[in-house]
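Residues per chain, in single letters:
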Amino acid sequence: MFCRLGFAINPPYVVGVAKIFLVDDELTMVQMVAEVLQADGHEVFPFTSVNGVSEALTLHQPDLVITDLYLDRKSAQGLDIVRKARALSPPPAIIMITGFGTVESAVEAMKAGAFDYLEKPFKLEELKLCVQRALTHTEMVAENRQLRKELKKQYRFTQIVGTSPPMLEVFRMVELVADTDATVLILGESGTGKELIARSLHYNSRRAQGPFIPINCSALPENLLESELFGHRKGAFTGAISDKVGLFQEADGGTLFLDEIGTMPAPLQSRLLRVLQEKEVRRVGDNSATLVNVRILSATNENLESLVKNGRFREDLYYRLNVIAIHLPSLKERREDIPLLVAHFLRDKLHARANLPFQVSRRTMETLCAYHWPGNVREFENAIQRATVLAALPLIRTRDLPPAVQASAPRDDGSEEIPEGLLTAGETNRPPPNSAEQSCAITPVDTPMAAGNLKDFIRTQEQKYIEHVLRTLRGDKEETARILEISLATLYRKLSESSE
Ligand SMILES: Nc1ncnc2c1ncn2[C@@H]1O[C@H](COP(=O)(O)OP(=O)(O)OP(=O)(O)O)[C@@H](O)[C@H]1O
Ligand SMILES: [Mg+2]
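Presented here is an overview of the structure given in this document. (Residues numbered from 1 in each chain as written. Chains lettered and ligands numbered in written order. Predicted model: local features only at pLDDT ≥ 70, side-chain atom pairs only at ≥ 80, totals over all residues. Heavy atoms only, no water.)

## So, the packing of helix H13 (residues 338-346) against helix H15 (residues 376-390)
Then comes step 1: Running from N to C, H13 and H15 cross one another at 55°; their axes reach a closest spacing of 10 Å. In terms of axis orientation, H13 runs oblique to H15. Handedness of the H13/H15 crossing: right-handed. Contact with H13, carried on its side by Ile338, Leu341, Val342, Phe345 and Leu346, involves Val377, Phe380, Glu381, Ile384 and Thr388 of H15 and no other residues of that element.
Then comes step 2: In terms of residue class, the contact of H13 with H15 is made up of 8 nonpolar, 1 polar and 1 charged. (Axes fitted to C-alpha atoms, helices over the stretch in contact; angles between N-to-C directions. Helix = DSSP H or I, 4+ residues; strand = E, 2+ residues; numbered from the N terminus. Parallel < 35°, antiparallel > 145°, perpendicular 65-115°, else oblique. Left-handed = near helix turned anticlockwise from the far one by under 90°. Contact = heavy atoms within 4.5 Å. Nonpolar A, V, L, I, M, F, W, Y, C, P; charged D, E, K, R; others polar.)

If you want it as structure tokens, here you go:
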């Protein structure tokens, strides 16, 4: 990026105070530039020779280095400073000052990693613009790095819940192959987490800084899918009004995730095989091919082997894609993970009115474990989300589950109607659970111990329940009456009976 006067720049970021190293063997030059930068609020470290710069770089970690190319009247020592600065983590932006204005020296500076260069003599305004651009660039790079880190965190293995033997096997495979370039085929029923696994393979690989491009092969008709994947040249077919870069090229340096690969039409299977073999793509209507460096992950919920047997999927392509296979278990094959998944999907969720973390009744937990979950984790996640919206209390009861799931509920023993154990004193302000272990706080509600005749028992439990709801809602009687679906007068009467 070259900085020239005569055009206005409007940086999208407000550049804050920066640490700037200034290295030049002309004392007057150093003084003048330092003054200008200090006036803008920057902290300037001036050097009039190369001595000590290297150590100071490590010590102070500047945001920007402005250095002359020829220092101490010797050969291009400025380039050494550029190299040392580039090795810092994170590296500062670098502006090179060239005395002779030769194109070669400028090119050399840029090649060594300088962000920009300034030819002597330069105007101070020109310097200020150059500094502003360099600092804006550094801030954007830092922000980008941070965003990528966040993204990576999202796909850390801790976000993929499961401790059942089949899930432990999945984790073992993911760890084994993530940081390789191996082609991986992810198999599993719909909603078992195939895309989640694909993303975590990418974000835990050396390609994490590159793009992750998913494409659902079943979502587009054959000709559109072809130009989407491979790109096309303008005029290659009716409607190709401009050149288009395909997803293979877009994913260069990263990962291409071919979802629902089993639905890929036969002609495209052949083209895909060629790309995998030759590592180059040819756009539709193009004679020349472009080299691409892409890792291929694919997924399917179909039985690819039987598609191969029926002649609907190329055998050679199957073997190419299936270098490593990861089998995701269906949810019913790992029912022991259900309490963990409940905790995972309820984490950080608070009941809207009561502002309290959710708990789950024992009957609900039993129902969730009994249901067969044909839509697997996706269906499960939706059921939990729905329940958090519908639940009248910060307790999820079977009535809050979708009707199809409710059908798997065990016999109603009344434990849900009188949730005495919902929250005991002192638990009302408990913070939301933040780890799978802690989230065991989502305890099933115990069936209360019966005592005396049925009428007394019901009365006692009713009182306890009313007190509990009242405590949960921090003494708000109107809200308590509303949730209990009784009038305020009834509530007062029942409360006075309990204090008798
Ligand atoms: N083991 C898991 N832990 C936590 N969340 C999961 C897990 N598996 C799946 N999910 C969640 O379930 C939902 C569905 O997952 P995903 O889209 O990866 O499934 P899929 O197998 O690609 O589904 P489909 O075949 O329908 O495309 C996502 O919200 C995902 O985050
Ligand atoms: Mg998917």
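## Some words on the sheet that holds strand S7 (residues 212-216)
Then comes step 1: Taken in spatial order, the 5 strands of this open sheet run S7-S10-S13-S6-S14, and their pairing is parallel. A strand with exactly one partner marks an edge of an open sheet, and here the two such strands are S7 and strand S14 (324-327). For this sheet the average axis-to-axis angle between neighbouring strands, irrespective of direction, equals 20°.
Then comes step 2: Examined bridge by bridge, strand S6 (residues 184-187) and S14 share 4 bridges and lie parallel to one another. Its bridge partner being in S14, Leu185 is matched across the sheet by Ala325.
Then comes step 3: On the sheet, helix H6 (residues 165-177) packs against S6, strand S13 (295-300) and S14 and is oriented at approximately 150° with respect to S14. (Pairing = 2+ DSSP bridges.)

## Notes on the site of ligand 1
Then comes step 1: The immediate surroundings of ligand 1 are formed by 19 residues, with Val161, Ser190, Lys194, Arg378 and Glu381 found nearest.
Then comes step 2: Thr192 has a polar backbone atom sitting 3.3 Å from an oxygen atom of ligand 1.
Then comes step 3: Between an oxygen atom of ligand 1 and a side-chain N or O atom of Arg378, the distance comes to 2.7 Å.
Then comes step 4: Here ligand 1, which alone exposes 640 Å², has 84% of that area covered by the protein.
Then comes step 5: Elements supplying a minimum of two residues to the shell around ligand 1: helix H7 (194-203), H13 and H15.
Then comes step 6: Partitioned by chemical class, the residues of the shell around ligand 1 number 7 nonpolar, 6 polar and 6 charged.
Then comes step 7: Residues lining the shell around ligand 1 come from more than one domain, with at least three contributed by each of domain 2 (157-327) and domain 3 (332-445). (Near = heavy atom within 4 Å. Polar contact = N/O pair within 3.5 Å; in protein donor to acceptor, adjacent residues only side chain to side chain. Areas by Shrake-Rupley, 256 points an atom, 1.4 Å probe, with all protein chains shown as cover. Domains from an automatic or database assignment.)

## A word on H13
Then comes step 1: Here H13 lies mainly inside the structure; 7 of its 9 residues are buried.
Then comes step 2: One or two steps after H13, the chain reaches Asp348, where phi turns positive at roughly 65°. (Buried < 20%, exposed > 50% of the residue type's maximum accessible area, 1.4 Å probe, protein only.)

## Quick notes on the packing of H6 against H7
Between two packed helices, the angle of one axis relative to the other and the distance separating the axes together describe the packing.
Then comes step 1: The interhelical angle for the contact between H6 and H7, taken along N-to-C directions, is 35°, at an axis separation of 9 Å. For the pair H6 and H7, the sense of crossing is right-handed. Note on element contacts: H7 touches H6 through Ile197, Ser200 and Leu201, opposite Val170, Val174 and Val177.
Then comes step 2: Taken together, the residues of the contact of H6 with H7 break down into 5 nonpolar, 1 polar and no charged.

## Structural notes on the pattern of salt bridges
Then comes step 1: A full pass over the atoms with the stated rule returns 17 salt bridges.
Then comes step 2: As a salt-bridge pair, Asp181 and Arg207 come within 2.8 Å of each other at their nearest N and O atoms. One end of the pair, Asp181, is in the loop between H6 and S6; the other, Arg207, is in the loop between H7 and S7, and 26 residues separate them in sequence.
Then comes step 3: We classify Arg207 as buried; its relative accessible area is 7%.
Then comes step 4: Here Glu195 ties to Arg199 by a salt bridge, and the two come within 2.9 Å at their closest N and O atoms. Of this pair, Glu195 and Arg199 both sit in helix H7, 4 residues apart, roughly one helical turn.
Then comes step 5: Taken together, the shared-partner salt bridges connect Asp24, Glu26, Asp68 and Lys120 into one network. (Salt bridge = Lys/Arg side-chain N within 4 Å of Asp/Glu carboxyl O.)

## Some points on the sheet that holds strand S2 (residues 43-47)
Backbone-to-backbone hydrogen bonds join strands into a sheet, with any given pair of strands oriented parallel or antiparallel.
Then comes step 1: A sheet is described by the order of its strands in space; here 5 strands give the open sequence S2-S1-S3-S4-S5, paired in parallel fashion. In this open sheet, the two edge strands, each paired with only one partner strand, are S2 and strand S5 (116-119). Adjacent strand axes in the sheet meet at a mean angle of 15°, parallel and antiparallel pairs treated alike.
Then comes step 2: In terms of strand pairing, strand S1 (residues 19-23) meets strand S3 (residues 64-68) through 4 bridges, oriented parallel.

## Thoughts on the packing of aromatic side chains
Then comes step 1: Here the structure, examined in full by the defined rule, presents 9 aromatic pairs.
Then comes step 2: Between Phe21 and Phe47 the ring centres are 5.1 Å apart and the planes differ by 40°, which places this aromatic pair in the tilted class. Linking Phe21 in strand S1 with Phe47 in strand S2, this pair joins segments that are 26 residues apart in sequence.
Then comes step 3: Among the aromatic side chains, those forming a connected cluster through ring pairs are Phe345, Tyr371, Trp373 and Phe380. (Phe/Tyr/Trp six-rings, centres within 6.5 Å; stacked < 30°, edge-to-face > 60°.)

## Describing the environment of Leu268
Then comes step 1: Counting through the fold element by element, Leu268 comes out in helix H10 (residues 266-278).
Then comes step 2: Setting aside residues up to four positions removed in sequence, Leu268 forms contacts with Glu222, Leu225, Glu226 and Phe230.

## Brief notes about helix H2 (residues 53-60)
Given 3.6 residues per helical turn, the α-helix brings residues three or four places apart onto the same face.
Then comes step 1: All of the buried residues in H2 are Val53, Ala56 and Leu57. The buried residues of H2 occupy an angular sector of 110° when the element is viewed end-on, so they sit on one face. In H2, the exposed positions that point more than 90 degrees away from the buried face belong to Glu55, Thr58 and Leu59.
Then comes step 2: Considering only its buried residues, H2 is in contact with S1, S2, S3 and helix H3 (78-86). (Arc of directions from axis to C-beta.)

## Description of the pairing of S2
Then comes step 1: Sheet topology note: the S1/S2 ladder contains 5 bridges and is parallel. Bridge pairing in S2 links Lys19 to Glu43.
Then comes step 2: Viewed along the sheet, the connection from S1 through helix H1 (residues 27-39) into S2 turns out right-handed. (Right-handed = clockwise from strand over helix to strand, strands pointing away.)

## Considerations on the nonpolar core
Then comes step 1: By size, the foremost hydrophobic cluster in this structure holds 31 residues, and its most contacted members are Leu229, Phe248, Leu256, Leu258, Ile261 and Phe313.
Then comes step 2: Those elements giving two or more residues to this core turn out to be S6, S7, helix H8 (222-230), helix H9 (247-250), strand S10 (255-259), H10, helix H11 (304-309) and helix H12 (315-321).
Then comes step 3: With 5 residues, the single largest contributor to this core is H10.
Then comes step 4: Sequence-distant contacts of Ile261, that is, excluding residues within four places in its chain, are made with Leu185, Cys217, Leu272, Ser298, Ala299, Thr300, Leu304, Phe313 and Leu321. (Core = buried A, V, L, I, M, F, W, Y, C linked by side-chain atoms within 4.5 Å.)

## Focus: the environment of Glu260
Then comes step 1: As for its position among the elements, Glu260 is in the loop between S10 and H10.
Then comes step 2: Remark: the alpha-carbon pair of Glu260 and Ser218, spanning 42 residues in sequence, is separated by 6.2 Å.
Then comes step 3: If we ignore the near neighbours within four places in the chain, the residues touching Glu260 are Asn216, Cys217, Ser218, Ala299 and Thr300.

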